[in-house]
Amino acid sequence: MATPSMEDYIEQIYLLIENKGYARVSDIADALSVHPSSVTKMVQKLDKDDYLVYEKYRGLILTPKGNKVGKRLVYRHELLEQFLELIGVKEENIYDDVEGIEHHLSWDSIDRIGDLVQYFEEDETRVKELRNVQEKNEQ
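The text that follows walks through the structure, step by step, so that each part is easy to find. (Residues numbered from 1 in each chain as written. Predicted model: local features only at pLDDT ≥ 70, side-chain atom pairs only at ≥ 80, totals over all residues. Heavy atoms only, no water.)

1. Observations regarding helix H3 (residues 36-48)
1) Next: Along its 13 residues, H3 runs 18 Å from first to last C-alpha, staying within 8% of the 18 Å computed at 1.5 Å per residue.
2) Next: Every buried residue of H3 is listed here: Val 39, Met 42, Val 43 and Leu 46. The arc that holds the buried residues of H3, viewed along the axis, is 105 degrees, so those residues lie on one side. Exposed residues lying more than 90 degrees from the buried face of H3 are Lys 41 and Lys 48.
3) Next: Elements in contact with the buried residues of H3: helix H1 (4-20), helix H2 (25-32), strand E1 (52-55) and strand E2 (59-62).
4) Next: The positive-phi residue at the C-terminal boundary of H3 is Asp 50, with phi of around 70 degrees. (Helix = DSSP H or I, 4+ residues; strand = E, 2+ residues; numbered from the N terminus. Expected span 1.5 Å × (residues − 1). Buried < 20%, exposed > 50% of the residue type's maximum accessible area, 1.4 Å probe, protein only. Arc of directions from axis to C-beta. Contact = heavy atoms within 4.5 Å.)

Here it is in structure tokens:
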């Protein structure tokens, strides 16, 4: 089982590979605002735990396990952003809120949030009704 820190690294590595085609230690360090030496230690651990294959000075690739986990973590992050936006959380709070809660929810909770987002997206009037309730409560 991956720790929250490991999840952050896997998610970032997955995104880098998706966007750039590769992920270098320096890219990961920049994206996560950590020292390259910290990235190297974590990458070695992720290699040992079979999430990726790391060759010093050559870069890294995600294993099928790492790719699957990375994809699921990106889905979780995007879904939570979508959910918070849907329920009317202010744009400037969404990223930090997602970062604060994403590691503390079970996959069961994530799946139920996905069901709820889908429910609202199926009928735009549901979103409008939710916004109307929020506006009344704020008055």
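2. Details of the side chain of Thr 63
1) Next: Inspection of the secondary structure puts Thr 63 in the loop between E2 and helix H4 (64-86).
2) Next: In this structure Thr 63 comes out as buried when scored by relative accessible area, which is 8%.

Coordinates in, geometry out; function isn't part of it.
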